[in-house]
Amino acid sequence: MKRIYFLLLIIAVASGCRKFVEIDQNTNRTLTYTSDYRALLDNNFTMESGFGQVIYSNDDTRILDVSKQNALSDINQNVYTWQAKYLSEIQGDVDWENLYKVIYTANEVIAGVMDSQRGTTELKETVRAEALVHRAYSYWCLVNIYAKQFDSTTAATDPGVPLLTTPNLFVPLVRASVLNVYNQIIEDLIAAEPHLLDVADFNTRPSKAAVYALLARTHLFTRNFSQAKLYAEKALFIKNELLDLRTYETNASAIPRRLQDPQIIFSKKQAGNYDGIQLDTALLSLLGTDDLRYKLFVKPGGSFSPAFTGFGYWRHRYTFEGIYQGPSVPEMMLVKAEVEARSGNAATAIGILNELRKKRFSTTTYTDLPVGTAEEALNAVVQERRREFFGTGLRWFDQKRLNKDAALQVTVTRSFKGNNYTLMPNSDRYVYPIGDKYILLNPELKQNP
């Protein structure tokens, strides 16, 4: 069986289905061989896309420099100040479009690869499984950006995002519930697991370790802590090597690119350009100047072009490959540590943190964190997550989910162009507005409050 793959559709699908039903057939490509589907998934330019705008929303970012404030685009100004509306009726949302572009490609592979030619059944099942993982990751991003935080008491009725599981462009874009989106994520990952290698040939391809890591992340965000720990341990059993920052303290140029980075489990990168992001002063204080993550990944604003007052995120400048956002060994360690702390096992949680931190400080400045109460251990885990993932945007999702813990809630305030803005815990502003452009094209797509 041959499937027709329309190149223009892959670009246009996220911008509204029914607008793009008449496509010039001269641009089509026939997918015939298993290798054609493999090539689709190995197109990292498309399939490695993650998220971007939350980098401006989260409290790791603090744009104090007036020149940087004035240089921000209108969209990023709205994102930074948590406006009720980010986009005009003609502007596109790069995150929404890129993530649905990944989903469309994955759906094409899922629907067609088993009927392709010149491939073994085993290879076809592997390629299909990889597509399921890519789809699951994209839906995890979408539901955590454009829907309310998962709450077991309301998830069945809270609007999630359109749940597209076929390449059919004529289906209505009715929003599935948050619960149904999470169920689809878990279903895809579990279905993919038997057909994948423990560790893929390249970390841009899904693997068993990637499946377990994404299940750990997913269950953490649904507060199913026992399952989060289980899958974090399964991921760490396969892959547990850390990038030892002490090795690069005096030779930062040797920091490996993503394909050689031992701690990346599944490579995903930001969508859009986010260079020269000014870092919040509270974050810099939390890091402290002895932390190698500060020494290596923070640079004065004068190091960037254009220059600015303050300090900016530098990690991605070593490889120029983008900001890494996919699941990693440190994340799995921190998931496990968080569950241990929540279970009252303070010593175990702190032990995991110390194991990580030994690779994040010079031997001359490192000291173990002391074991205190379980509450203190949980606070230490939250702080360590912020140190480990600053600059990536992952902090936004932590802020959002930790609002469910009264003791961990944060109120974020920022001043921008002479006006003050406040983001309260559990505010509707933690849910990104859906672009008016897509609602005009698909009226059944309902806006967030």
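Residues numbered from 1 in each chain as written. Predicted model: local features only at pLDDT ≥ 70, side-chain atom pairs only at ≥ 80, totals over all residues. Heavy atoms only, no water.

Colleague: Summarise the packing of helix α7 (residues 94–112) against helix α8 (residues 121–146); cite the residues concerned and give the values.
Modeller: In a pair of packed helices, the angle between the axes and the distance between the axes together describe the arrangement. Packing of α7 against α8 brings their axes to within 8 Å, and their N-to-C directions diverge by 155°. Compared by their axis directions, α7 and α8 come out roughly antiparallel. In the packing of α7 onto α8, the handedness of the crossing is left-handed. Every residue of α8 that contacts α7 at Asp-95, Trp-96, Leu-99, Tyr-100, Val-102, Ile-103, Ala-106, Asn-107, Val-109 and Ile-110 is listed here: Val-127, Arg-128, Ala-131, Leu-132, His-134, Arg-135, Ser-138, Tyr-139, Cys-141, Leu-142 and Tyr-146. For the contact of α7 with α8, the residue count by class is 15 nonpolar, three polar and three charged. (Axes fitted to C-alpha atoms, helices over the stretch in contact; angles between N-to-C directions. Helix = DSSP H or I, 4+ residues; strand = E, 2+ residues; numbered from the N terminus. Parallel < 35°, antiparallel > 145°, perpendicular 65-115°, else oblique. Left-handed = near helix turned anticlockwise from the far one by under 90°. Contact = heavy atoms within 4.5 Å. Nonpolar A, V, L, I, M, F, W, Y, C, P; charged D, E, K, R; others polar.)

Colleague: Please give an account of the nonpolar core that cites residues and values.
Modeller: Of all hydrophobic cores here, the largest spans 131 residues; its most connected members are Tyr-139, Leu-142, Met-332 and Phe-397. When residues of this core are assigned to their parent elements, the largest contribution, 14 residues, is made by α8. Not counting residues within four places of it along the chain, the set of residues in contact with Leu-142 comprises Trp-96, Leu-99, Tyr-100, Ile-103, Ala-147 and Val-161. (Core = buried A, V, L, I, M, F, W, Y, C linked by side-chain atoms within 4.5 Å. Buried < 20%, exposed > 50% of the residue type's maximum accessible area, 1.4 Å probe, protein only.)

Colleague: Report on the pairing of strand β7 (residues 412–416), specifying residues and quantitative values.
Modeller: Residues of β7 alternate between two faces, with Val-412, Arg-414 and Phe-416 buried on one and Thr-413 and Ser-415 left unburied on the opposite face. The pairing of β7 with strand β8 (residues 419–423) spans five bridges and is classified as antiparallel. Residue pairing for β8: Val-412 is matched across the bridge by Leu-423. What sits between β7 and β8 in their antiparallel hairpin is a turn of two residues, with Lys-417 showing a positive phi close to 50°. (Pairing = 2+ DSSP bridges.)

Colleague: Account for the pattern of salt bridges, with residues named and values stated.
Modeller: Summed over all chains, the structure comprises 34 salt bridges. When the shortest N-O distance is used, the salt bridge between Asp-42 and Arg-38 registers 3.6 Å. For Glu-233, the salt bridge is made with Lys-336, and the minimal N-O distance between the two is 3.5 Å. Taken as a pair, Glu-233 in helix α11 (residues 225–238) and Lys-336 in helix α14 (residues 329–342) lie far apart in primary sequence, 103 residues in all. On the basis of relative accessible area, Glu-233 is assigned to the partly exposed category, the value being 32%. Judged by relative accessible area, Lys-336 falls into the partly exposed class, the value being 21%. A single network of salt bridges, built from pairs that share partners, joins Arg-223, Glu-338, Arg-342, Arg-385, Asp-398, Arg-401 and Asp-405. (Salt bridge = Lys/Arg side-chain N within 4 Å of Asp/Glu carboxyl O.)

Colleague: I'd like a rundown of unusual backbone geometry, residues and numbers included.
Modeller: Each neighbour pair has its own omega, and for Ser-305 with Pro-306 the value is 0°, a cis peptide bond. Counting through the fold element by element, Pro-306 comes out in the loop between β5 (298–300) and β6 (311–313). Even without glycine at this site, Arg-118 takes up a positive phi of about 60°. Positionally, Arg-118 belongs in the loop between α7 and α8. Backbone geometry places Phe-320, a non-glycine residue, at a positive phi of 55°.

Colleague: A description of the packing of aromatic side chains should follow, citing residues and the corresponding values.
Modeller: Each aromatic ring pair is described using two quantities: the centre-to-centre distance and the angle formed by the ring planes. Counted under the stated rule, the structure contains 21 aromatic pairs. Ring centres 5.1 Å apart and planes at 75° place the aromatic pair Phe-304 and Trp-314 in the edge-to-face group. Of the two residues, Phe-304 is situated in the loop between β5 and β6 and Trp-314 in the loop between β6 and α14; the sequence distance between them amounts to ten residues. Among the residues examined, Phe-304 registers a relative accessible area of 5% and is labelled buried. Ring centres 6.3 Å apart and planes at 55° place the aromatic pair Phe-361 and Tyr-366 in the tilted group. Directly above the aromatic system of Phe-308 lies the positively charged group of Lys-68, at a separation of 4.6 Å from the ring centroid. Seen from the ring of Tyr-80, Arg-414 lies directly overhead, with NZ or CZ sitting 3.9 Å from the centre. (Phe/Tyr/Trp six-rings, centres within 6.5 Å; stacked < 30°, edge-to-face > 60°. Lys NZ or Arg CZ within 6 Å of the ring centre and 35° of its normal.)

Colleague: Which residues make up the packing of helix α10 (residues 208–221) against α11, and what values go with them?
Modeller: Contact geometry for α10 and α11: axes closest at 8 Å, N-to-C directions at 155°. On the basis of their axis angle, the class for α10 and α11 is roughly antiparallel. For the element pair α10 and α11, the recorded crossing hand is left-handed. Contact residues: Lys-208, Ala-209, Tyr-212, Ala-213, Leu-215, Ala-216, His-219 and Leu-220 in α10; Phe-225, Gln-227, Ala-228, Tyr-231, Ala-232, Lys-234, Ala-235 and Ile-238 in α11.

Colleague: Lay out helix α17 (residues 394–402) in plain terms, naming residues and giving numbers.
Modeller: Counting buried residues along α17, nine of its nine residues qualify, which places the element largely inside the surrounding structure. Turning to α17, its buried residues number three or more, namely Leu-394, Arg-395, Trp-396, Phe-397, Asp-398, Gln-399, Lys-400, Arg-401 and Leu-402.

Colleague: Tell me about the side chain of Arg-135, residues and numbers included.
Modeller: Examined against the element boundaries, Arg-135 turns out to sit in helix α8. When near neighbours in sequence (up to four residues on either side) are disregarded, Arg-135 contacts Ile-103, Ala-106, Asn-107, Ile-110, Leu-164, Thr-165, Gln-184 and Asp-188.

Colleague: Quick one: what's the story with the confidence of the model for the protein, residue by residue and with numbers?
Modeller: Detailed reading of predicted coordinates is not advised where the pLDDT is low. When pLDDT is averaged along the protein, the result is 93, and 94% of the positions lie at 70 or above. In the model, residues 1–27 has pLDDT below 50 throughout and makes 66 contacts with residues more than four positions away in sequence or in other chains. (pLDDT = per-residue confidence, 0-100.)

Colleague: Account for helix α16 (residues 374–389), with residues named and values stated.
Modeller: Across its 16 residues, α16 extends 23 Å between first and last C-alpha, which sits within 8% of the 22 Å expected from 1.5 Å per residue. Against α10, α12 (281–287), α13 (292–297), α14, α15 (346–357) and α17 lie the buried residues of α16. In the segment just after α16, Gly-391 is the residue with positive phi, at about 85°. (Expected span 1.5 Å × (residues − 1).)

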